[in-house]
Each structure stands twice: as structure tokens, then as C-alpha cells.
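One-letter residues, chain by chain:
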Amino acid sequence: MEKEMAGVLAAVLFFCTAAGGCGDKAQEQADYGEDVLWAYNGTDSEKEADLFLIGPTTYAGDEDTINMSLEDEEGKAGFLGALNMERGIYEDTLDMYAPYYSQGSLSAITEGRMEESYDVAYEDVSAAFEYYLEHKKGDDPFVLAGFSQGAYMCLELIKDYPEAMSDMIACYCIGWALTKEDVEEYPQLVPASGETDTGVIVCFSSESEEITDSFFIPEGTWSYSINPLNWKTDGTVADKSLNLGACFTDYEGNITTEVPQLTGAYIDEERGALKVTDVSPEDYPAALDFLQEGEYHVYDYQFFYRNLQENVAKRVEAYLYKQEAL
């Protein structure tokens with residue numbers, strides 16, 4: 001356990017110190033016709049479906065720097081490392097595309113400027129998605145995926161591009177909340193309800209059983225969620241025997257430690273959070289200053305890595321089967 005924890009915390013520390021020298025002014029609109037603005041720019045054209053993957057927050061920033069510059073090579077290296085840590089969930093099934101974007105920084109969160117920084121970041125994400133749709137997608141269906149800030153950006157894309165979502169197999173919106181208010185306002189936001197439904201949003205945010213108030217799901221709020229171990233949306237407990245493998249990866253995407261049956265999980269029906277059993281906050285610390293101990297945010301996809309990997313393949317297969325039957 002110490003070995004995998006060292007890897008996770010090293011990743012967090014690396015990403016959170018990769019601050020460059022850009023200011024918080026948005027640069028001119030990025031030209032996504034340039035290959036250098038893509039962390040992944042198509043990885044396997046033989047695949048029958050694509051992945052549009054949006055990276056999480058990796059950039060520290062400071063009180064004067066709330067967005068990463070696309071000219072910051074050190075910042076982009078941290079960004080790529082974070083993508084690589086989760087790429088194994090998707091790469092066996094999908095042809096992957098992932099743009100660099102002027103992501104909001106950790107300093108924007110601590111300085112109370114998250115909304116401002118995310119607005120700047122979304123301009124890039126939207127431009128990259130438009131470029132993907134026009135120049136890269138072709139007739140292929142796609143999976144939309146993102147973790148943390150990337151998950152937020154996914155939801156914004158679904159809101160803004162409803163017609164394009166007719167080709168969306170699923171959205172893996174991990175480490176964010178999907179609220180009732182958003183679902184009521186945007187009918188194209190459809191929460192997943194099972195293991196192989198398509199055109200849906202797979203969403204969860206994990207925490208210890210003791211937590212009643214978190215950064216992502218504050219007390220008094222509720223999020224649509226699905227349990228990645230039993231693919232249920234109610235409080236049915238999934239035993240750790242259903243966990244196919246928690247995987248801890250390095251910046252190249254290599255699995256450094258794999259632990260089958262590490263955790264169980266169930267949905268907290270009062271808030272919609274994913275309660276993780278069989279591990280403790282002492283063994284898996286929050287690692288970020290704005291999170292309290294017991295918020296397992298940085299482990300959201302790592303705890304359930306093999307189950308997510310399997311599920312991506314199943315949903316893609318289900319979607320393609322339905323299309324063939326039409």
C-alpha cells in the first residue's frame with residue numbers, strides 16, 4: 001500500500017508544482033489545426049469509435065495566474081502525465097483525442113476565482129471539440145470523458161452541443177456532480193441507469209462513509225451517481241469482491257501497483273455520493289488543500305480502474321450492436 005500511495009502523492013505533488021509564468025489573461029483563440037495543441041491526436045484509426053478526453057486540473061498557478069498558458073511546456077508535461085495515468089481505461093477500445101487547453105489552476109480554486117478561470121478554459125475546450133467534430137470525427141461515434149475539471153467541461157459540451165450528442169456512446173463524468181437542476185434544464189443530460197445503457201452520463205464522486213459534506217457534493221445538495229462496481233443507482237452495497245482491480249499508474253500510463261478487491265462501494269441515497277468501504281482516509285489521504293480527509297477525489301478512477309475499463313468496452317459494444325440492428 002505504501003508503494004502505490006507514494007506514486008499517487010508524487011503525481012499530485014508533481015502536477016501541483018508545475019506552475020509556469022503566464023498571467024490570467026486569455027491568449028488569442030487557440031488554433032486546434034496545430035498538432036502541438038493535442039496531447040493525443042488519434043491513437044488507433046482502426047478502432048470503431050473515438051474518445052474525446054478532457055484532462056483534469058494539474059496546474060498550480062498563483063494569485064496572479066489562474067489559467068495555464070498553452071506555451072507553458074512544463075505545465076503541458078504535467079497535463080499529459082495526468083492523461084496518461086487514466087488512458088489505460090480507454091485505449092484498448094477507442095481512438096483517442098485529447099486537447100491541451102488553458103485549464104483553470106488550483107490557485108483559482110483557493111482564490112475563489114474558479115468560475116472565472118473555468119470560463120477561460122472552456123473557450124479552448126469548446127474550440128477543440130468543434131475542430132474534432134469538423135475535421136477528425138468523421139462518421140465514428142465517440143465517448144466523451146473527463147475527470148475533475150475535465151468532467152465539468154464534459155457537461156458543458158453536452159449542454160452546448162446537443163445535436164452532436166446523437167453520436168455519443170456515453171460520457172464518463174468522473175469526480176464531479178450532476179445535479180437535478182442541470183438535468184431538469186438540459187434534457188440531453190441523461191444519467192446512466194445501468195451497465196450498458198448508451199447516450200448517458202456515468203457520474204460519481206467518491207468519499208469515506210463518515211463524510212456528510214464535500215467540495216463536490218456539499219451538504220444539502222444531491223448528485224446523480226452510479227456505482228461502478230454493481231452499476232446500480234440506489235444504495236445497494238457492492239462488496240469488494242466485485243472490484244476487478246484498483247490500479248495505480250505512473251506518468252507514462254504504466255500500472256505500477258494493482259490491487260484486486262481493494263474496495264467495496266455504495267451510493268449514499270441522501271446526497272448521491274459514492275461511499276467507499278474497506279479503505280481508510282489515513283491510508284488514502286485527500287492530498288489537496290481544499291479537500292478534507294475522507295474525500296477520495298484523487299482516487300476516483302484508480303479505485304475502480306478495471307471496472308471502468310471493462311465498462312467502456314461493454315458500452316461501446318452495446319452501442320455498435322444497436323447501430324447494426326437499425
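Structure report, in brief. Only a predicted model underlies this, so the values are computations on that prediction, with no experimental measurement involved.

**Observations regarding the overall build of the protein chain**
A tally of helices and strands in the protein chain yields seven helices and eleven strands. Taking 2.2 N^0.38 as the reference for a compact globule, 326 residues should give roughly 20 Å; the C-alpha atoms of the protein chain span a radius of gyration of 18 Å, in line with that estimate. Across its three principal axes, the protein chain shows a C-alpha extent of roughly 50 × 50 × 40 Å. Taken across its 326 residues, the protein chain has 59% of its residues classed as buried. Counted over contacts in the protein chain with a minimum sequence separation of 6, partners at least 24 positions apart contribute 77%. As displayed, the protein chain has an accessible area near 13400 Å², and 45% of this comes from carbon and sulfur atoms.

**Some points on the side chain of Thr249**
With respect to the helices and strands, Thr249 occurs in strand β8 (residues 246–249). We classify Thr249 as buried; its relative accessible area is 5%. At a separation of 2.7 Å, a polar atom in the side chain of Thr249 contacts the main-chain carbonyl oxygen of Met85. Beyond its immediate chain neighbours, meaning those up to four positions away, Thr249 contacts Met85, Asn254, Ile255, Thr256, Gln302 and Tyr305.

**Notes on the sheet that holds strand β7 (residues 206–207)**
Within the open sheet, the three strands sit side by side as β7-β11-β10. Their pairing is mixed. Sheet topology places β7 and β10 (264–267) at the edges, where each strand pairs with a single neighbour. Bridge analysis of β7 against strand β11 (residues 274–277) gives two bridges, and the strand direction is parallel. For Glu207, the partnering residue across the bridge sits in β11 and is Lys275.

**Re the nonpolar core**
For soluble globular proteins, nonpolar side chains are generally found buried alongside one another. Ranked by internal contacts, the top residues of the largest apolar core, which has 100 residues, are Tyr90, Phe129, Leu144, Tyr172 and Phe303. Tallying contributions element by element places helix α4 (residues 114–135) first for this core, with eight residues. If we skip the residues at most four places from it in the chain, Leu144 touches Phe52, Phe129, Cys154, Leu157, Ile158, Met165, Met168, Ala170, Cys171 and Tyr172.

**Here we look at the side chain of Thr65**
When you line up the elements, Thr65 lands in the loop between β2 (50–54) and α2 (73–87). One polar contact links Thr65 to Asp62, side chain to side chain, over a distance of 2.8 Å.

**Here we look at the pattern of salt bridges**
All chains considered together, the criterion is met by 14 salt bridges. Among the salt bridges present, the one from Glu156 reaches Lys159, with a minimum N-O distance of 2.9 Å. Pair noted here: Glu156 and Lys159 are both in helix α5 (residues 149–160), with a separation of three residues, about one helical turn. What makes Glu156 buried here is its relative accessible area of 16%. Note that Arg306 and Glu258 form a salt bridge whose closest N and O atoms lie 2.9 Å from each other.

**Here we look at a negative patch on the surface**
On the surface, Glu209, Glu210, Asp239, Asp278, Glu282, Asp283 and Glu293 cluster together into a patch of negative charge. Structurally, Asp239 is set in the loop between β7 and β8. A relative accessible area of 45% places Asp239 in the partly exposed class.

**A few points about the sheet that holds strand β5 (residues 168–174)**
Spatial ordering of the open sheet is given by β1-β3-β2-β4-β5-β6, a layout of six strands whose pairing is mixed. Since the sheet does not close on itself, it has two edges, and those belong to β1 (38–41) and β6 (200–204), each with one partner. Across this sheet, the average inter-strand angle for adjacent strands is 15°, counted without regard to direction. Bridge count between β5 and β6: five bridges; the pairing is parallel.

**Some remarks on the packing of α4 against α5**
Packing of α4 against α5 brings their axes to within 10 Å, and their N-to-C directions diverge by 60°. Considered as vectors, α4 and α5 are oriented oblique to each other. Between α4 and α5 the crossing geometry is right-handed. Together, Tyr118, Ala121, Tyr122, Val125, Ser126 and Phe129 of α4 and Gln149, Tyr152, Met153, Glu156, Leu157 and Asp160 of α5 make up the contact between the two elements.

**A closer look at the packing of aromatic side chains**
In total, this model carries 29 aromatic pairs according to the counting rule given. Ring centres of Phe52 and Phe129 lie 5.1 Å apart, and the angle between their planes is 75°; this geometry places the pair in the edge-to-face category. A residue pair is termed long-range when its members are at least 10 positions apart, and Phe52 in strand β2 and Phe129 in helix α4 qualify at 77 residues. Since its relative accessible area comes to 0%, Phe52 is described here as buried. The interplanar angle of 70° and the centroid separation of 6.3 Å between the aromatic rings of Tyr90 and Tyr172 together place this pair among those described as edge-to-face. One end of the pair, Tyr90, is in the loop between α2 and β3 (95–99); the other, Tyr172, is in strand β5, and 82 residues separate them in sequence. By relative accessible area, which is 1% here, Tyr90 ends up buried. Among the aromatic residues, those joined into a cluster by ring pairs are Tyr32, Trp38, Phe52, Tyr97, Phe129, Tyr132, Phe142 and Tyr161. A cation over a ring is seen here: Arg87 above Tyr40, with NZ or CZ 4.7 Å from the ring centre. Its end group placed over the ring of Trp38, Lys136 keeps NZ or CZ at 5.1 Å from the ring centre.

Parameters and conventions
Residue positions are given per chain, counted from 1 along the sequence in the order it is written. Whole-chain, interface and lining totals are the exception, using all residues; otherwise, since this is a predicted model, local features are given only for residues with pLDDT of at least 70 and side-chain atom pairs are given and counted only at 80 or more. Computation of side-chain values: all heavy atoms of the structure, hydrogens and water removed. The helix and strand labels rest on DSSP assignments: H or I over at least four residues marks a helix, E over at least two residues marks a strand, and numbering proceeds from the N terminus. The atom set for the radius of gyration is the C-alpha atoms, and the globule formula is 2.2 Å times the number of residues raised to the power 0.38. Burial status follows relative accessibility: with a 1.4 Å probe on protein chains alone, a residue under 20% of its type maximum counts as buried, one over 50% as exposed, and anything between as partly exposed. By the convention used here, residues are in contact when the closest approach between their heavy atoms is within 4.5 Å. Here the Shrake-Rupley method, with its probe set to 1.4 Å, supplies the accessible areas, and only the displayed protein chains count as covering residues. Definition of a polar contact: a pair of N or O atoms within 3.5 Å, with one able to donate and the other able to accept a hydrogen when the atoms are protein atoms, and with sequence-neighbouring residues admitted only if both atoms are side-chain atoms. Here, strands pair whenever DSSP counts at least two bridges between them. Nonpolar core, defined: a set of buried Ala, Val, Leu, Ile, Met, Phe, Trp, Tyr and Cys residues in which side-chain atoms within 4.5 Å join the residues together. Here a salt bridge means any side-chain nitrogen of Lys or Arg lying within 4 Å of a carboxyl oxygen belonging to Asp or Glu. Every patch collects residues that have over 30% relative accessible area and no salt bridge, joining them within 9 Å if they carry like charges and within 5 Å if they are nonpolar side chains (Val, Leu, Ile, Met, Phe, Trp, Tyr). Charged residues are defined narrowly, with Lys and Arg counted positive, Asp and Glu counted negative, and His plus the chain ends left uncounted. Lysine's charge is taken at NZ, arginine's at CZ, aspartate's at CG and glutamate's at CD. Comment: axis = line fitted to C-alpha atoms, over the contacting stretch for helices; angle = value between 0 and 180 degrees taken between N-to-C directions. With respect to orientation, any angle under 35 degrees is reported as roughly parallel, any angle over 145 as roughly antiparallel, any angle of 65 to 115 as roughly perpendicular, and every other angle as oblique. Rotating anticlockwise by less than a right angle from the far helix to the near helix defines a left-handed crossing, while the corresponding clockwise rotation defines a right-handed one. Stacked, tilted and edge-to-face pairs are distinguished by plane angle, under 30 degrees for stacked and over 60 for edge-to-face with tilted covering the rest, among Phe, Tyr and Trp rings (Trp via its six-membered ring) whose centres lie within 6.5 Å. Distance and angle both matter: a charge sits over a ring if NZ of Lys or CZ of Arg is within 6 Å of the ring centre and within 35 degrees of the ring normal.

Note that every value here comes from positions in space, so none of it alone points to a role or purpose.
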